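# Secondary and tertiary structure notes
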4 protein chains.
Amino acid sequence: MPVRTVTTRTAPDPEALEAVADRIAASRNPVVVFGPEIGRSRAWDAGIAFAERLEAPVWTAPFSERNPFPETHRLHAGVLPAAIGPLAGRLQGHDLVLVVGAPVFRYYPFVAGDYLPSGAALVQVTDDPDAAARAPVGDSVLSDSKLFLEAILPRLAQRAAGIAAPLRRPPAPVDLETLPLAPAAVFEAVRKVCPQDFILTDESPSNVPAMQDRFRIGTPDSFYACLSSGGLGWTMPASIGLAMAERKTGRNRPVLCLIGDGSFQYSIQSLYTAVRQGADVVFVVLQNEEYGILKAFADFQGTPNVPGLDLPGLDIVSLARGYGAATSLATTAEEVGTQVAAAFARKGTSVVVVPITRKLAGLLG
Amino acid sequence: MPVRTVTTRTAPDPEALEAVADRIAASRNPVVVFGPEIGRSRAWDAGIAFAERLEAPVWTAPFSERNPFPETHRLHAGVLPAAIGPLAGRLQGHDLVLVVGAPVFRYYPFVAGDYLPSGAALVQVTDDPDAAARAPVGDSVLSDSKLFLEAILPRLAQRAAGIAAPLRRPPAPVDLETLPLAPAAVFEAVRKVCPQDFILTDESPSNVPAMQDRFRIGTPDSFYACLSSGGLGWTMPASIGLAMAERKTGRNRPVLCLIGDGSFQYSIQSLYTAVRQGADVVFVVLQNEEYGILKAFADFQGTPNVPGLDLPGLDIVSLARGYGAATSLATTAEEVGTQVAAAFARKGTSVVVVPITRKLAGLLG
Amino acid sequence: MPVRTVTTRTAPDPEALEAVADRIAASRNPVVVFGPEIGRSRAWDAGIAFAERLEAPVWTAPFSERNPFPETHRLHAGVLPAAIGPLAGRLQGHDLVLVVGAPVFRYYPFVAGDYLPSGAALVQVTDDPDAAARAPVGDSVLSDSKLFLEAILPRLAQRAAGIAAPLRRPPAPVDLETLPLAPAAVFEAVRKVCPQDFILTDESPSNVPAMQDRFRIGTPDSFYACLSSGGLGWTMPASIGLAMAERKTGRNRPVLCLIGDGSFQYSIQSLYTAVRQGADVVFVVLQNEEYGILKAFADFQGTPNVPGLDLPGLDIVSLARGYGAATSLATTAEEVGTQVAAAFARKGTSVVVVPITRKLAGLLG
Amino acid sequence: MPVRTVTTRTAPDPEALEAVADRIAASRNPVVVFGPEIGRSRAWDAGIAFAERLEAPVWTAPFSERNPFPETHRLHAGVLPAAIGPLAGRLQGHDLVLVVGAPVFRYYPFVAGDYLPSGAALVQVTDDPDAAARAPVGDSVLSDSKLFLEAILPRLAQRAAGIAAPLRRPPAPVDLETLPLAPAAVFEAVRKVCPQDFILTDESPSNVPAMQDRFRIGTPDSFYACLSSGGLGWTMPASIGLAMAERKTGRNRPVLCLIGDGSFQYSIQSLYTAVRQGADVVFVVLQNEEYGILKAFADFQGTPNVPGLDLPGLDIVSLARGYGAATSLATTAEEVGTQVAAAFARKGTSVVVVPITRKLAGLLG
C-alpha cells in the first residue's frame, strides 16, 4: 500500500464539456482525430464508442507515438500528414474537427497553408497544458482523454450511419519479385508471417507511409515509435524494454522492430542487452545504405546531393552476430518470410537484414 | 471575441471523487481546512454549503493569501498556525482532515511534531500539481476547488448539527488607553470606523494574529496578503492595484492597508503612483521602530540581540507627504479612529502613522 | 596572513607586446583611449607616462565608470561619444588607435557608421577575456593595464612634442542668472565650492555631457558611476559605501553625488543608511520633474510624447528630511553654492534639491 | 589573414614571478610536477630546461591528458597517484612543490590524508583561472606554462647535479607465456613492434599503471587520453581525429589506441568513420569480459560483487569486421606482436583483439 496517493487524471470543466457537446450536436459533418494520449489513458474502447456514436471518420494524428484507434475499423480514414497545408486538405468538407489526445498538430516539414479548411472549427482535448497553450487554432479543453470521452458520451445523440464501406483503401499492390525489394514488399512479406498478437515498433523514417499502409493494427497498446520527437536511437532499446515488460506482465507478446540501417547504428549496443536478457524481439533491418530521410528532406528543400548521407560497406550481419543475436540475411520476399517466421518461432532476439531499393519516397509520403 | 479559448479549470477524477465521498461518509468526526484557491476559483458559496452539509469546523489554512470562508460563520474555528506540531494540535480529535484549495501546509518556522494527530487521515484537493506532489501526508486530488465542491455535494448526506454556538471566541478585550497603543488597540480603533464594504490588505508580519483576531471578514474577495511567500514589498503596490481594479469594475470598494514601518519601506515609491492615480487606499502604518518579525524569530531561535533590526528616526509623515499623500500622525485610539474615518470619507490616498508599543508578540502568535 | 594566494593580474604575451611596440613605432599619428581598467589596476601614473612618451591625444572611453586620466592634462581630448559613427569621427586623422583598459566600445544609442575612420587600425589591451572576444574591430591583447603599460614603456621612443596648448576647450560659458537654472549652471555653482579633495559620483543621465564639461578631474580614484550598464539605482548606495570606505581607510574624502530626481527614487531608502552611518555625502538632486534621458531617447528615435515620463509633485525636501538628512532647497546659483558649501562644512549626509530647466539636451550631447 | 586577432596567452604578474624565483632560491629540496598545459602551450623544451636547472625530480600530474615531460629522462620520477594521501607520500622530503600546467590535483578516489607532506609548500602555475581558484593548497600564479617557464629561467641559478641514475625503475619483468596474457604482457608485446614515431592513446582504465610502466614516451605531443574527466567513449573518435590531423599536417604518425573491451563499446560506431576515412589507427582491444575499473572501485569501497559488471559473449572480431576494419584475434604474445606489426605496416584502420586475464589491479595501482 502506498504511503500516500496523488490523482494523475483530471476531468474536463463541466461547462466546457457541455459546450463541446452542443457544438457536436450543431455540427453538420464532424471529423475525429485521435492521438497518443488515447493510448496512455486506456481510452481505446471509449474512443471507438465515441466514433461510432458520431459515425464520423477517424484520423490518427500525425506522428502519434502510440496507436489510438483500430486501423481495421471501417471508420478509420488513415494517418494525417504532418504538414499544414496537406493536413487541412484531408479535413476538407468537415465543419468541426474533434481532436482528442493529441497536440494540434505535429508538423514536419513546413508546408505553407491554412491550419484548417475553410468553414471548419476545431476542438482539442488534451491532458497536456503546454499542448493546449500552444495550439495555433481551435478551442482547447484540458482533460484526460478517457474521462472526457466517458463524460461526453451520454450527452451525444446517435448519428445515422453514413459510412458503410471502410474509408481506407486496401494496401497498394506490391511487387514481391524485383530485387532489391521495395520497403513495401519487405513489410508485406513480414506481415504475412507475424503471429496473432505482437507489438510493432518502427524507426525507419523514410518508409513510414509504406509501413502504415501495410500494418493496420486492430488492437490497443500494439504500436510504439519515437515519432513525436524525431530523435533517432530510441526504438531499439525501447523495443527491448517492451519485450521485457511483456514477459514480466505475462502477456508475452513478441516485439517486431522495423528499423533502417542508419537508425540501427544509434543504439546498436542495446542489441547486447537484448541478447543477454533473452528479450523476444525480431529486428528487421532495412538496408538501403543511405540516410534516406535526410536525402528526402534535402530534395524537398531543393538542395539535393548533400554529402555524407551514404552508408556503404556496413556488414550488419557481422555486427549483429558480434552481439550474439540470431542473425540472417534475407534478399528475397520468400527469404524474408521464412526467416522472420523462424525468428518468431525461435524466441529470443533475432536480426533479419534485408537489402532494399534506394528509390526514395517523397518526404510527404 | 477571443481568437481561441483554453479551459483553465479541471474537474476531479470521478473515481477519486467517489473515494473521497466514501471516506467522508465513513468519517466519525471530519474537519475542514479551506485555503486561497477557494477565492481564486470563486467557490465561496460552494464552500459554505459543503461545511454546512458536514456540520464540521472550518479552519483557514496557514498563510492563506485570500480569504476562503466567512470568519463570522459559527463553523469558523480560526486560522491554523503555520507550524507542524501546533497545527496538528488544533486538529486533535478529528479522524478526517479535508483540505480544499491549499497546500498541505505552509509552515514557518519549523516546530517538530507529527503532521497529523494520531488516528487522523487527510485528503487534499488542489489545482496545483506541484502542491499535490509535495504534500508530506495525505491523499491528493487534483481539481479546481469549485468544481470539486459542486461535484461532491450531491454525494454527501446532511450531518446532524452539533455546533450551535460559534466556535471562535470573540476578540480579546483590548486596552485603548495605554500609550503607545498596542497593535490590537490600533486595529480595534480602525475596525470601528471602517465602511460596510472594503478590502483589507496586510503586511505587518509581527501583528498578524492580532489583525486576524480583530478583523473577521464575512464577505468574499475581501482580504489579500503576501503571506504565501513571506516576501515583503508586495502589499503596497498590490493595494494600489486593487483600488484601481475596484474603480475600473465599478465595485468601488476602498482598500485598507495595515502595514509595518519596515514593510512600508520596501516599495515606498508606489505611494507616488497611488497619489497620481487617485487610488482609494488608506495606509495605516504601525510604527514600532524595529523589524519585529525578525526579532521574534531571533528570540524563537534562542539568538536574541541580532544587530541591525532597529529602525529609529524615520519620519514617516514627512516621507508620505513627500509623495503627496494626505498624511497624519495618530497617537491615541481616538485620533486613530477620527483620522482613519476622515481618510475613508475623503477618498484618494491617505496615510495614518501610528506609533505602537515595541512589546513583541511571540513568533507563533 | 592568508591561507593561500592567487594572482589576479596577468601580463601580456611578450610577442604581442613587441608587436604592439612595433606598430606604435611605425605609426604616424597615434591616439590613445583610456578606460576604467586603468583605475582598477592603479595604472594612473603609468598611463600618464605612456601618453607623454607618445605625445598623443588621450580620450576617455565612452561610459567609463572610473576616471583613467587627468582631465586637466594638456593631452586630454575629452570623453568619446558612445555612438559608432560619431566616435569614429572624433578619431579622424589618426592611423593607430591604442585602447587600454576599456571595451571597444560601449555604444548607446545605435548610430550607423564605420567603427574606425578610414586608414586607422586599432589595438585593444584589456584584462577581460569577454571584452577581448567581442570587440568588433582591432587586435586585442589580454593584459592587466598597468602591467602592459609598464612593460611597453621601455620599448617606446620619446615622440616630439606637438601639442602645446591643452587639447580641450575650457568649459562653455554658463548663464547663472536665468531661473530655473540650467544643469550646467548648477554644476558650475557646485564646482566652485567643492573642497580640494573629493569623490564625484553621478547618476543624472541626461546631464552627463554638462557634468563632464564642468568637472575636470585631475586626481585618480575620484570618479565613479554606473555608466557601464546604464542601470539606475546604483549610485546612491555606492556613494554611501564610498564615503564609508574613505572613513575606514583614513583618506576621509567626502563624496559629491550629482543625481536626477528620477534616479533619486530608485534606491531612496539608502538615504536612511547614509544618515544612520554618518556618511559624508552631499547629494545634489537636479529636479526637472521628468525622466529626461528617456524623453531624449524618444526624440532621438522620432517617437516623441511617450506617456509616463513626467514626475510632477515630488516633494524631495520632505522625502529627504523623512530619512533624517540635512536638506534644503536651492533655487539660485548663489543658494546652490552657499548650501553645498555648508553641506561640505557640516559633514554627514546632506541633500540639496535644485529645480532645473526642462530643456532637454540631445541624446548624443 | 585574419580580420582581427586576440591573444590567447598571458604572462605571469612580474611580482609573482619574482616571488616564485625567490622561493625556489630559498628552497632546500624542490620537486617539480608538470601537467597537460605544458603540452598545450608547447613548453616541452622549456620544461626540460627548468627541470635541469633545478636538478629536481619531475612528476607527471595525476590524470594528465597530454604528456608534459620525457618519461625517458633521468629526472622523471613517474606519474603521481590520484589520491590525497598517497600523492603526498610521493612528495615526502621536499620543501617546495612546483606545479606547472596542472590542477592541484585531480583526485580519484578519495583517500583521506594531508594534501602535502609536512613542511612542504606548493606553488601552482596554471592558465586556468578556475583551476587556480579551486586549488585546496598553495599559492597560484595565473600564466601560460611556456611564458612562465621562459620568464623564470633567467632568474634561476643552476643547482648542483645530485641525481645521476634515472629516478624511475625499469619496467617490471613480465610473463609473456601464461595465457590469457596479463595486460603488462600485451603492452610489452605491442611496444616492441611499435614504429619509431607514433601517437599513443589509451582508454583501458583498469590497466593505466601497467600502460604507464611499459610505454615511456620521450617525445612531445605523443600521448592523449580522456583521463581528466574519466568519461569513457572519447578515445576512439579522438584517435581517429588525431590520425586524420597527422595526415593533414604531413607528420603522418600512426596512432596506437589501447582500449578495454568495455570502453570499445561507447563509440564503436566511430570505427566505421575510421575505415571510411582510411585513418591510420591500430586499436588494441584488451578483452577481459568485465568492467574492470568499476569492479576495482567496488573492491576499494568494500562493496564487492556489484551486479552487471560482466561482459561475456561479445564477439569483438565480428563487430570490428562489421564496420570494415582489418581485424584479428591475438591470443599469445607472439601473435600480438606479429599482428600489431602487420597492422602498422598495412596502414589504415586495424583492430587486434586480445583476450586478457581477469585478475584485477588495485584501484590505486
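The rules behind each value
Residues numbered from 1 in each chain as written. Chains lettered and ligands numbered in written order. Predicted model: local features only at pLDDT ≥ 70, side-chain atom pairs only at ≥ 80, totals over all residues. Heavy atoms only, no water. Least-squares fit on C-alpha atoms with pLDDT ≥ 70 in both. Contact = heavy atoms within 4.5 Å. Helix = DSSP H or I, 4+ residues; strand = E, 2+ residues; numbered from the N terminus. Buried < 20%, exposed > 50% of the residue type's maximum accessible area, 1.4 Å probe, protein only. Pairing = 2+ DSSP bridges. Axes fitted to C-alpha atoms, helices over the stretch in contact; angles between N-to-C directions. Buried area = accessible area lost by both parts, 1.4 Å probe. Salt bridge = Lys/Arg side-chain N within 4 Å of Asp/Glu carboxyl O. Polar contact = N/O pair within 3.5 Å; in protein donor to acceptor, adjacent residues only side chain to side chain. Right-handed = clockwise from strand over helix to strand, strands pointing away. Phe/Tyr/Trp six-rings, centres within 6.5 Å; stacked < 30°, edge-to-face > 60°. pLDDT = per-residue confidence, 0-100.

With an RMSD of 0.1 Å, the operation that places chain B on chain A is a rotation of 180 degrees combined with a shift of 0.1 Å along the axis. Taken together, the rotation and translation relating the two chain copies correspond to the operation of a two-fold axis. Looking at the rotation axis and the C-alpha trace of chain B, the residue lying nearest is A11 of chain B, at 2.3 Å. When you check the interface residues of chain B against chain A, 100% turn up at the interface there too, and the contact is symmetric in its surfaces.

For the rest of this paragraph, the subject is the side chain of S350 of chain C. Residues and elements named next belong to chain C. Within the secondary structure, S350 is located in strand β13 (residues 349–355). For S350, a relative accessible area of 1% gives the class buried. Setting aside residues up to four positions removed in sequence, S350 forms contacts with V281, V282, F283, A326 and A343.

Take the relation of the copies chain A and chain D next. Least-squares fitting of chain A to chain D yields an RMSD of 0.1 Å, with the transformation described by 0.1 Å of translation along the axis and a rotation of 180 degrees. Taken as a fraction of all interface residues of chain A, those also at the interface in chain D reach 100%, which identifies the copy contact as same-surface.

As a further point, take the sheet that holds strand β7 (residues 139–142) of chain C. All names here are of chain C. What the 6 strands build is an open sheet, ordered β4-β3-β2-β5-β6-β7; its pairing is parallel. Whereas interior strands pair on both sides, the edge strands pair on one side only; in this sheet they are β4 (76–79) and β7. Averaged over neighbouring strand pairs, the angle between their axes works out to 20 degrees when direction is ignored. Sheet analysis places strand β2 (residues 30–34) next to strand β5 (residues 96–100), joined by 5 bridges and oriented parallel. From the neighbouring strand, V33 faces β5, where its bridge partner is V99. Packing of helix α3 (residues 44–54) onto the sheet brings it into contact with β2, β3 (58–60) and β5, and relative to β2 it is tilted by some 165 degrees.

Between chain B and chain A, the contact holds 24 residues from the first and 24 residues from the second. The junction of chain B with chain A conceals about 1800 Å² of combined surface from both sides, 47% of it contributed by carbon and sulfur atoms. By the criterion of area lost to chain A, the three top residues of chain B are R4, T7 and D13 of chain B, representing 32% of everything that side buries. Here R9 of chain B makes a salt bridge to E15 of chain A, at a shortest N to O gap of 3.8 Å. Where chain B touches chain A, the interface holds 21 residue pairs in polar contact (both at pLDDT 80 or more). Every element with two or more residues in the side of chain B that touches chain A is listed here: β1 (10–12), α1 (14–26), α5 (129–134) and β7 (139–142) of chain B. The element that contributes the greatest number of residues to the side of chain B that touches chain A is β7 of chain B, accounting for 4 residues.

Now for the pairing of strand β13 (residues 350–355) of chain A. Residues and elements named next belong to chain A. Counting buried positions along β13 gives 5 out of 6 residues, so the element sits mostly inside the fold. Where strand β11 (residues 281–287) lies against β13, 6 bridges are found, and the strand directions are parallel. Residue pairing for β13: V282 is matched across the bridge by S350. Relative to β13, strand β12 (residues 326–329) is paired through 4 bridges, and the arrangement is parallel. What sits directly across from S328, in β13, is V352. With helix α14 (residues 333–346) bridging β12 and the parallel β13, this β-α-β connection has right-handed handedness.

This part covers the packing of aromatic side chains. All names here are of chain A. Applying the stated rule across the entire model yields 32 aromatic pairs over all chains. Measuring from centroid to centroid gives 6.4 Å for F105 and Y107, while their planes differ by 70 degrees, and the two rings are edge-to-face. A residue is classified by how much of its surface remains accessible, and Y107, at 25% relative accessible area, is partly exposed. A network of ring pairs unites the aromatic residues F34, F50 and F69 as a single cluster.

What follows covers the sheet that holds strand β6 (residues 121–126) of chain D. Strand pairs in the sheet, formed through backbone hydrogen bonds, run parallel or antiparallel to each other. Residue and element names in this part refer to chain D. Across the sheet, which stays open at both edges, the 6 strands sit in the order β4-β3-β2-β5-β6-β7 with parallel pairing between neighbours. The sheet is open, and its two edges are formed by β4 (76–79) and β7 (139–142), each paired on a single side. The mean angle between the axes of side-by-side strands here comes to 20 degrees, regardless of whether they run parallel or antiparallel.

To continue, consider the confidence of the model for chain A. Interpretation of the predicted coordinates at a detailed level should be avoided for regions scoring low in pLDDT. Model confidence for chain A is summarised by a mean pLDDT of 95, while 99% of its residues fall at 70 or above. Two summary scores accompany this predicted model of the complex, namely pTM at 0.92 and ipTM at 0.93.

Turning our attention to the interface of chain A and chain D. Across the contact, 17 residues belong to chain A and 17 residues belong to chain D. Around 1300 Å² of area is buried between chain A and chain D when both sides are counted, 49% of it from carbon and sulfur atoms. In this structure, the connection of chain A to chain D is made through 0 salt bridges. Along the contact surface separating chain A from chain D lie 11 residue pairs in polar contact (both at pLDDT 80 or more). Top element by residues in the side of chain A that touches chain D is helix α13 (residues 316–322) of chain A. It accounts for 4 residues.

All names here are of chain A. Secondary-structure assignment places S206 in the loop between β8 (199–203) and α8 (208–214). Each C-alpha atom of the pair S206 and Y291 lies 8.6 Å from the other, and the pair is 85 residues apart in sequence. The contact partners of S206, leaving out residues within four places of it in the chain, are G292, I293 and A361.

A few words now on the pattern of salt bridges. On inspection of all chains with the given rule, the structure shows 80 salt bridges over all chains. Two residues, E188 of chain A and R214 of chain A, come together in a salt bridge whose shortest N-O distance is 2.8 Å. Residue E188 of chain A is found in helix α7 (residues 183–192), and its partner R214 of chain A is found in helix α8; the two are separated by 26 residues along the sequence. By the burial criterion, E188 of chain A is buried, and R214 of chain A matches it. Among the salt bridges present, the one from E246 of chain C reaches R253 of chain C, with a minimum N-O distance of 3.0 Å. Under the relative-accessibility criterion, R253 of chain C is labelled buried at 13%. Taken together, the salt bridges that share partners define one network made up of E290, K295, D310 and R358 of chain A.

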